[in-house]
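# Remarks on the overall topology
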Amino acid sequence: MEVVNAQRKFFHDQKTKPVELRLLRLKALYCGILKYEQQLTEALKQDLNKSAFDSYTTEIGYTLKEISHTIKYLERWCKPKKVCKAPIYFVGAKSYIINEPYGVTLIIAPWNYPFQLAIVPLIGALAAGNTAIVKPSELTPNVSKALSVMLEELFPAELVAVVEGGKEVSESLLRQKFDYIFFTGSTEVGKIVMESAAKNLVPVTLELGGKSPTIVHKDANLPLAARRIAWGKFLNAGQTCVAPDYVYVHSEVKKEFLVLLKEEIKKMYGVSPLQNKDYTRIIHKKHFDRLTSLLTGAKVVIGGESDEGNLLIEPTVLDQVTWCMPVMKEEIFGPILPTMEYDDIQVAISEIVSKPKPLALYLFTESKKIEDNILRNISFGGGCINDTLYHLTQPYLSFGGVGESGMGSYHGEYSFQTFSHQKSIVKQTTKFDISLRYRSSKEMLKIMRKLLK
Ligand code: NAD
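This report concerns the structure included in the present document.

Cut-offs used in this document
Residues numbered from 1 in each chain as written. Predicted model: local features only at pLDDT ≥ 70, side-chain atom pairs only at ≥ 80, totals over all residues. Heavy atoms only, no water. Core = buried A, V, L, I, M, F, W, Y, C linked by side-chain atoms within 4.5 Å. Buried < 20%, exposed > 50% of the residue type's maximum accessible area, 1.4 Å probe, protein only. Helix = DSSP H or I, 4+ residues; strand = E, 2+ residues; numbered from the N terminus. Domains from an automatic or database assignment. Contact = heavy atoms within 4.5 Å. Pairing = 2+ DSSP bridges. Axes fitted to C-alpha atoms, helices over the stretch in contact; angles between N-to-C directions. Salt bridge = Lys/Arg side-chain N within 4 Å of Asp/Glu carboxyl O.

### Here's the deal with the nonpolar core
If you look at the biggest cluster of nonpolar residues, it comprises 113 residues, and the most contacted ones within it are Ile33, Ile119, Phe257 and Leu261. Here this core takes nine residues from helix α5 (residues 116–127), the largest share from any one element. Here this core gathers at least three residues from each of two domains, domain 1 (2–208 + 402–425) and domain 2 (213–393). When near neighbours in sequence (up to four residues on either side) are disregarded, Leu261 contacts Ala226, Ala230, Ile302, Val317 and Leu337. Judged by nonpolar contacts, the second largest core, of 18 residues, contains Ile133, Ala161, Val163 and Val204.

Structural data, given as structure tokens:
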């Protein structure tokens, strides 16, 4: 593919590496986003019916913050890291780590936060001194177009190119030789990406999905739990990779929790969410049909109505859900929240750990003991105690999955590290030469045994 070759040449011509240039490009990106803010907001409205508030907070503003954070620290991150500690036989030598860019990178983005999930990895790629090809989702064509126009105006294609299109385009890109692939999307496609990358031994970051549990213990601050769960679940109509997929609530507080949840949903979306002009729609008919089919035979206690013509589904809560039901068999990725109850937290833990490792987990409790128990015994990408989604917005924390929810991480400095190869260097002294390693006598072996234990 021509653009890949052009980017490789650009990279080898050292046109991505100077830190001053990286900073200039990040500043250009920041200004470009401000310039295109209106078009991007409109595109997000057209593709997903996102409100101006949600578009700014979860996509545009979020991305601007990530750029300003990166600009603030980039020079510091780029400096070789001195490694001061070393064993005795390194006397006279210096050790350090250089972060070097990989080269030509590929960023494949999904549709649910179609702007943010394409641009935030790009920030990391540029900050680390790489070139990038961005493949936005075909399911959000207006955002894809706006991204393409904006990035084409800001950067030469040898540095950043947008390749629009669907599965076939993605597949043909994956046949090219990249130096790094950053993929955000489903676990199923993540496996395909990794298989393609393996053919050329290309390192990958996989930001995938899964069923993220939320546990509400009996000692939780219930009003806050209900508010924060309603917010985290129904934002973007549940089409958030780290949205609470289901709630495990202690049987003693379940009834009260459901009452509070209903109130919070009403406060956030009104009595008729389907009439709410700012309520995000479901991405396409197939996804809408899949979601509504999950309601068949389920006990709906809140919401449940849908509007097929406008692809809207009310914030919906299910009660008396079991693991055998279809809604518990796959990632929901929509505004349906199943609730299950427990008496013994160990039973909930056993159920969760018997499933694939989730991308996120949320726990509502006032007990440090319960908190420690959950954090020690359940593996998951990241999460919050007494909140939902918020860990993702902390720029000093890494974000990523584990096991089937992904591998690798990014955000802030972690993005810079993800898109950099950590090159370790020992700079040896020439003033003297400790001859231990050259001598293979019995005495030397004795000394070596002491040194190397
Ligand atoms: P998807 O895997 O269907 O598509 C993601 C991207 O891959 C798109 O650009 C698409 O064109 C491309 N693609 C699709 N099929 C392909 C194939 N066979 N070969 C190569 N490329 C292909 O995912 P989606 O439906 O866009 O997004 C929803 C999923 O993404 C959910 O599972 C969600 O949890 C996950 N997700 C994860 C994160 C995260 O940060 N971990 C963020 C958002 C979404």
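### So, the sheet that holds strand β7 (residues 204–207)
With mixed pairing, six strands are arranged side by side in an open sheet as β5-β4-β3-β6-β7-β17. Two strands bound the open sheet, and with one partner strand each, they are β5 (160–162) and β17 (406–407). Relative to β17, β7 runs antiparallel, the two being bridged by two bridges. Across the sheet, Glu207 pairs through a bridge with Gly406, a residue of β17. Running at roughly 165° to strand β3 (residues 104–108), α5 makes contact with β3, β4 (131–135), β5 and β6 (180–184) of the sheet.

### Structural notes on the pattern of salt bridges
One pass over the structure, following the stated rule, counts 19 salt bridges. Here Asp319 ties to Lys254 by a salt bridge, and the two come within 2.9 Å at their closest N and O atoms. Note that Asp319 is positioned in strand β13 (residues 316–319) and Lys254 in helix α10 (residues 254–269), a separation of 65 residues in sequence. Here Asp319 matches Lys254 in class, with each residue buried. With its nearest N and O atoms 2.8 Å apart, the salt bridge here joins Asp289 to Lys285. Highlighted residues: Asp289 and Lys285, both in helix α11 (residues 285–293), separated by four residues, approximately one helical turn. Overall, Asp289 belongs to the partly exposed group, its relative accessible area being 32%. A cluster of three or more residues bridged by salt bridges with shared partners is formed by Arg227, Glu264 and Lys267.

Worth remembering: the numbers are spatial, not functional.
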